[in-house]
There are 2 protein chains.
Amino acid sequence: MTMLTRVKSAVTHFMGGMIATGANGDHLSGSDLPLKFPYMRPEFLGLSPDEIECSADHSARPILILKESKRLPWSTGYAEVINAGKSSLNEDQACCEVLTVKPKPPASGGGANRTPTSRRRSSLPNGEGLGLQESLEVCEGLTLHYWGLFDGHAGSGVAVAASRQLHGHIAQHLQEVLDILRLPGQPPPTCMGEEPLNHHYHPHHQHQQQQQHLTATGQRSLSRAASLRGAAGAPGTSGTPPPQTRFFTEKKVSHESLVVGALENAFKDMDVQIEKDKGVYNVSGGCTALAVLYLLGKLYVANAGDSRAVIIRSGEVIAMSTEFTPESERQRLQFLAYMHPHLLGNEFTHLEFARRVQKKEMGKRMLYRDFTMSGWAYKSIEEDDLKFPLIYGEGKKARVLATIGVTRGLGDHDLKVHDSNIYIKPFLSCCPEVKVYPLTLFDHGADDVLVLGTDGLWDVLSNQEVAEAVTGFLANCDPDDQHRYTMAAQDLVMRARGMLKDRSWRISGDRLGSGDDISVYLIPLMYGNTQT
Amino acid sequence: MTMLTRVKSAVTHFMGGMIATGANGDHLSGSDLPLKFPYMRPEFLGLSPDEIECSADHSARPILILKESKRLPWSTGYAEVINAGKSSLNEDQACCEVLTVKPKPPASGGGANRTPTSRRRSSLPNGEGLGLQESLEVCEGLTLHYWGLFDGHAGSGVAVAASRQLHGHIAQHLQEVLDILRLPGQPPPTCMGEEPLNHHYHPHHQHQQQQQHLTATGQRSLSRAASLRGAAGAPGTSGTPPPQTRFFTEKKVSHESLVVGALENAFKDMDVQIEKDKGVYNVSGGCTALAVLYLLGKLYVANAGDSRAVIIRSGEVIAMSTEFTPESERQRLQFLAYMHPHLLGNEFTHLEFARRVQKKEMGKRMLYRDFTMSGWAYKSIEEDDLKFPLIYGEGKKARVLATIGVTRGLGDHDLKVHDSNIYIKPFLSCCPEVKVYPLTLFDHGADDVLVLGTDGLWDVLSNQEVAEAVTGFLANCDPDDQHRYTMAAQDLVMRARGMLKDRSWRISGDRLGSGDDISVYLIPLMYGNTQT
C-alpha cells in the first residue's frame, strides 16, 4: 500500500494501524459495473479460494510461500504477507511467466492488426513440459522471462489487471521489433515499410532502402518546414533552394534501447487500457509496477513507483531501480503545476515551504523552494502562499495534493482530491525508468540474486540489511536445493513483518515491523548463463 | 562559443572555421542603444586597450596569461586564447573576487531595501593590503572567494555584464541569510520577521517565536484552503473543525542549502537584470555561467551551460558539474514543448527522430523518442512528424529549434528562430546546478586543483587528459612557485588550441585543436585549509 487519502491516513493513525476498512477504496468508482478480473493471489501460488480467505488474517499475518510442488523459472523464490489491517485485501500482486514472442502472422488486410500473438510457453511457468511442436516454435520466436510486482492502493482492481495484462503489452511491443532483435549483428533500420515487421522481413532489402534515403535527400520535398529549417546547421533562408549535396546523419540506436522503448510504451498502453476498461468494468484504484525482463542475455528492470529492485552479487549491493515519490519527483511536479496552474484548482500552491504557512504569518519570511531550486531561500509570505502546498509531508508521509504518496504507476484515473474536483492523475506518470544489467557478462554464483520487493519490505529494512540477511541465509542452505530462494524470501518477509508483541509487530532492534502488504521475489542470477 | 545560428554554422563550415564576421551577433538587438559595459578582457589580466587589440589575432592566437606581477586569491592560475575566427571578439569572460558580505544596515523605513552592501575586500583581488579598519569589518562580515567563467554567444554583451554583475547578486542573496550563516550551530529559522535579517537578529528570540508557532497551530485560521486541506494526513472533511492537538512538522534545512538557494536565486536575478537592461542598453547575446564560491569551508560550484568544473585530487578526477545541452536536457525540453505546443509556432515537432523525416516517407515507420522515453521505438510517420524536430543533431551539433547548442545560461531574451517569430528563451533555463565540495574535510597537496574551463577546452581534451597534463606539469614545477598554476593553465590552453599546421590547428595525435575561445582557471585547493 503506497497511498492513503487524508481520511484513511488519519483513521489509520488514530486506530494504531489495526483496523480493517472493508473493500477499501472500491467505492471510489465503478462499483456498480462488473469486475474485470476477480480478486486473486498470484496464480503461481496455486491457492484455493479457501486458502486465499484464510491467508487474509490481519492478526496472524501468515506468510505465504511458493509450494515445493510449484516451481518458477530459474527456481525463483517468492513470499508474501498481508497488511496489519489497513485494507481487507492484500493489494500487492505478482506475476511470473516464460513467454515466447512469435512473429506476427502476415497481415491479411492492410490495417493495424495488433492482437498479441505472444503466448505462454507451457502450462507451467517454469517452462517444463515443452512438446516437440512448441520447441519448433521457439526456434522461430524469442523467449523471454518476466517477473512483475504490483502494489495497489485505493482498491485492488488495477493491481490485479496489471498483473494479468502488462506482460501481454510488453510482448506486443517486442513483437513489433522481433525480427530486428533476432539479428543482433544488424543495426536497427531507421525507417521501415508501412506494416509492422513480419517474418518476411529481409535485412538486405532494408539496407538498400536506407541507401536510397541517403541519396534521395537532395531532391527532398520543399514543404515549408523542410525548406525553412533544412537539416541541422544548414543555411536556410526561406526561398533559397537547399544545396544538393547534403545527407541526413542517422543516430545509432542499439538493440537494447529498442527493448527499453518497448517496455516504456507497454506501460503506457497498459495505463490506457485501464482507463478504457474503467468505463465498462469495475477496475478500482491504482498500483505501482515493477517489471523485470530477461531477454537475449540482459536483465531489464522497469520501475514505476516505490517498489525496489536490488542485485546482490558477492554480498555487494547494486541498485537496479530508484523510487518515484513526491519528494524524489518534487521538481517535476512543481514544474508541471507552474506550467499548468489550473491543475491546482486554485486550492494549492506549487511552492514548497519548510512547514505549513499560517494566515497570521502574512508578510513574514519563510523558507521555500520553487521548481528550479534544490537549495532553500526565504520569501515573504503572500496571500497565495496560504494555499495548501502541492507537495506536503516528509518521508513516507509525503503526499501530492494531500492525497497520494507515490508519483508513478498505473491507474488512478478517477482519483480526486477529497471533496474537490481536482484530479491527481495529471501529476502521476505511468512511465517507468528502465535499468539494464548485462547478466551474461558476469559469472554468478548460487548466492547472487536479484531481490524485488514492494515498499513494505524496504520501509523497514535497508539494502544492506537485506543483503546481509539473504547472503547469510543462503550460505546455510544446500546450494542444490531449488527451494532455497523461496525459503530466503520467506525469511526476508519475516524480518520485515516481525513478530506480534503486545499487539504490535516488532522486528530486530525492537523496531516497528511493517504493517503494510509485503511481497518479495528472490531471483537467482546464475540461471541466466545456462538458459536462454 | 556554444551557439551558432544555422546561418553562421553553415558559413563557418564552408569557410573552414577561419573567417571573422565582424561584431558578431551584435546586430541582433539594441545596437542603437548605448553599451551597458564596454567590451573588455578579464579585469585581473590588467591589459591595456592596445594589448587587448593585439591579443585578438585570429591567426596567431596568442595565449594570454596572468602577469607575474598580478596575483589572484589562492595563487589561482588563469590562461585564455581567442577563437580561430568565428567571432571577431573573444566571447569568453572571467571574473575573480574576494568579497566581504556585510550585515545590512538597519532599515530606515519599512520597504524592501535591497541594495547590495557587499564590497571588494581590497583593491587587489588577492586580498593583499588589508588595513586595520578593513580587518575589523571582516569580523562583522563573511569573506567569500568567487571565480566566474562565462562563455558568450551571438554577441559579447551578456557575458561581459554577467562577469561584472553576477557576484553582486550572489553577495546580495547571501547577505539576506548572513546572520544565519554566521551561527553554524543554530539551524536556520523556518520563519522570520518581516524585514530581511539585520545584525540585531537574536537567535534566542527566534527560538521563542518558533515555539509559539508550534503551539498556536491549533487555533490557526479557518481559511478555506486550511480548513479543507488541513495538515498532511489530517482528516479534513470540510466543515469539520480541525483537531486541536496537531502541530506542523518542520523540515530540517541546512546552512549549506541556504547557500545553494542563494546561488540559484542569484542566477535568476542576474537573468532578470539582463532582460531589463536590454530595454535601455545594448546588451548583446547570451552566455553560459560557471560560478565557484568558497565559503565557510566549502566550495560551491554552480553551473548553467556547457562549461565544466573538475577537481583533480591525487591525480584522480572528481566531476563538479554536468553540462546542459540539447541532448542532456532533451526530455525537459520535449516535456515543455508537449505541455505548451504554441512555443513551437506550428513549425516544429517535440518528437525526436533517428534522422530527419521526409515527406515521401509518410505512412512508413521511423525510430522516435517522446519525452517519456529513454529508449527508442517505431512510429508511423504522420503529417505532423514532417515538422522540424525541436532537438536536432548529435553531439556538438545538437541544436534546440535549429538555433542554439546550449540549454542553460543567461540572456538570449531576444533570440528567435531565424526568419520566424519563435522565441528560444522559454526553452532555456537560467538555473544552475550546484554541487558542493567540503574542502576542509580533505587534506590537499600543492598539486590538487579545481579546473574550470569553457567548452573550448573540453571539446578536445577529456577529463583524463586534462588530469594527466596538469599532474604532469605541476610535478615539474617548484611547489613554492606561486606562478605554477598559471603556467599549468597556459599549458592546458596550449594543448587544447594546438599548433598551426598547414592552416589548421593541430593537437597531439594529429587531432584537430579547438577553434573556439578557450579559457581556463586552475584553482589550487590547499589554500582553502589555511585561509578563510
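Every chain is numbered on its own, with residues counted from 1 as its sequence reads. Note on labels: chains are lettered from A, ligands numbered from 1, in written order. Owing to the predicted nature of the model, reporting of local features is limited to residues with pLDDT of at least 70; listing and counting of side-chain atom pairs is limited to 80 or more, with chain, interface and lining totals taken over all residues. Hydrogens and waters are ignored; side-chain quantities use all the structure's heavy atoms.

S.K.: Quick one: what's the story with the pattern of salt bridges, residue by residue and with numbers?
M.R.: By convention in these notes, a salt bridge is any Lys or Arg side-chain nitrogen within 4 Å of a carboxyl oxygen on Asp or Glu. Counted according to the given criterion, the structure contains 54 salt bridges over all chains. Ionic pairing is found between Asp306(A) and Lys396(A), a salt bridge with its closest N-O pair at 3.8 Å. Of this pair, Asp306(A) sits in the loop between β8 (298-304) and β9 (308-313) while Lys396(A) is found in the loop between β16 (391-392) and β17 (399-400), placing the two residues 90 residues apart along the sequence. In this structure, the salt-bridge partner of Asp510(A) is Lys501(A), at a minimum N-O distance of 3.3 Å. Overlapping salt bridges bring together Lys251(A), Arg330(B), Glu352(B) and Arg369(B) as one network. Helix and strand assignments follow DSSP, with helices taken as H or I runs no shorter than four residues and strands as E runs no shorter than two, numbered in order from the N terminus.

S.K.: Can you explain the packing of aromatic side chains? Please cite residues and give values.
M.R.: Residues and elements named next belong to chain B. Aromatic contacts are taken between Phe, Tyr and Trp rings whose centres are within 6.5 Å, Trp giving its six-membered ring; a plane angle under 30 degrees counts as stacked, one over 60 as edge-to-face, and the others as tilted. If you walk through the whole model with that rule in mind, you get 21 aromatic pairs over all chains. Centre to centre, the rings of Phe-335 and Phe-371 are 5.2 Å apart; their planes meet at 40°, and the pair counts as tilted. Of this pair, Phe-335 sits in helix α9 (residues 330-339) while Phe-371 sits in the loop between β13 (365-369) and β14 (377-380); the two residues are 36 residues apart in sequence, bridging distant segments of the chain. The same class applies to Phe-335 and to Phe-371, which are both buried. Between Phe-348 and Phe-388, the ring centres sit 6.0 Å apart and the planes meet at 90°, which makes this aromatic pair edge-to-face. Note on exposure labels: buried denotes an accessible area under 20% of the residue type's maximum, exposed denotes more than 50%, and partly exposed covers the range between, all computed with a 1.4 Å probe on protein chains only.

S.K.: Any chance you could break down helix α9 (residues 330-339) of chain A for me, citing the residues and the numbers?
M.R.: For α9(A), the buried fraction is high: seven of the 10 residues fall into the buried class. The contact rule is simple, with two residues in contact once any of their heavy atoms fall within 4.5 Å. In this fold, the buried residues of α9(A) make contact with β12 (352-353), β13 (365-369), β16 and β17 of chain A together with α9 of chain B.

S.K.: A description of the pairing of strand β5 (residues 142-153) of chain A should follow, citing residues and the corresponding values.
M.R.: Residues and elements named next belong to chain A. Across the 12 residues of β5, 12 count as buried, placing the element largely inside the fold. Neither face of β5 is exposed, since Leu-142, Leu-144, Tyr-146, Gly-148, Phe-150 and Gly-152 on one face and Thr-143, His-145, Trp-147, Leu-149, Asp-151 and His-153 on the opposite face are all buried. Strands pair, by our definition, only if DSSP identifies at least two bridges between them. Of the pairings in the sheet, the one linking β5 to strand β7 (residues 286-295) comprises nine bridges and is antiparallel in character. When the bridges of β7 are listed, Leu-149 appears paired with Leu-290.

S.K.: Can you explain the state of the cysteines? Please cite residues and give values.
M.R.: Residue and element names in this part refer to chain A. Throughout, a disulfide means two cysteine sulfur atoms within 2.5 Å of one another. Using the criterion set out here, one finds zero disulfides over all chains in the structure. No disulfide involves Cys-287; its sulfur sits 11 Å from that of Cys-430, the nearest cysteine. A relative accessible area of 1% means that Cys-287 is categorised as buried.

S.K.: Which residues make up the sheet that holds β9(A), and what are the values?
M.R.: All names here are of chain A. Reading across the sheet, the six strands line up as β1-β2-β24-β20-β9-β10 and stay open at both edges, with antiparallel pairing between neighbours. Two strands close off the open sheet at either side, each with one partner strand: β1 (64-65) and β10 (316-319). Alignment of β9 against strand β20 (residues 449-453), held across five bridges, turns out to be antiparallel. Within the sheet, the bridge partner assigned to Arg-308 lies in β20 and is Gly-453. As a rule, the C-alpha atoms of each element are fitted with a line to give its axis, helices using only the stretch in contact, and angles between N-to-C directions run from 0 to 180 degrees. Of the strands in this sheet, β9, β10, β20 and β24 (518-524) are in contact with helix α11 (residues 463-475), which crosses β9 at around 50°.

S.K.: Kindly report on the packing of helix α4 (residues 157-176) of chain A against helix α8 (residues 255-280) of chain A, identifying the contributing residues and their values.
M.R.: All names here are of chain A. In contact at an axis separation of 8 Å, α4 and α8 are set at 135° when each is read in the N-to-C sense. Considered as vectors, α4 and α8 are oriented oblique to each other. Crossing hand, α4 versus α8: right-handed. Of the residues in α8, those touching α4 at Val-158, Ala-161, Ala-162, Gln-165, Leu-166, His-169, Ile-170, His-173 and Leu-174 are Val-259, Ala-262, Leu-263, Asn-265, Ala-266, Phe-267, Asp-269, Met-270, Gln-273, Ile-274, Asp-277 and Lys-278. Gly is placed with the polar residues, together with every amino acid not listed as nonpolar (Ala, Val, Leu, Ile, Met, Phe, Trp, Tyr, Cys and Pro) or charged (Asp, Glu, Lys and Arg). The residue inventory of the contact of α4 with α8, partitioned by class, reads 13 nonpolar, five polar and three charged. Here roughly perpendicular refers to angles of 65 to 115 degrees, roughly parallel to angles under 35, roughly antiparallel to angles over 145, and oblique to all remaining angles. Each crossing is labelled by how the near helix is turned from the far one, with a counterclockwise turn of less than a right angle marking it left-handed and a clockwise turn marking it right-handed.

S.K.: Break down the sheet that holds strand β21 (residues 499-501) of chain A for me, with residues and values.
M.R.: In a beta sheet, neighbouring strands pair by backbone hydrogen bonds and run either parallel or antiparallel. Residue and element names in this part refer to chain A. Sheet architecture is open: three strands sit in the order β21-β22-β23, paired in antiparallel fashion. Edge strands, defined here as strands with exactly one partner in the open sheet, are β21 and β23 (511-512). Across three bridges, β21 lies against strand β22 (residues 504-507) in antiparallel orientation. Considered in β22, the bridge of Met-499 is made with Arg-506. On the sheet, helix α12 (residues 484-497) packs against β21 and β22 and is oriented at approximately 120° with respect to β22.

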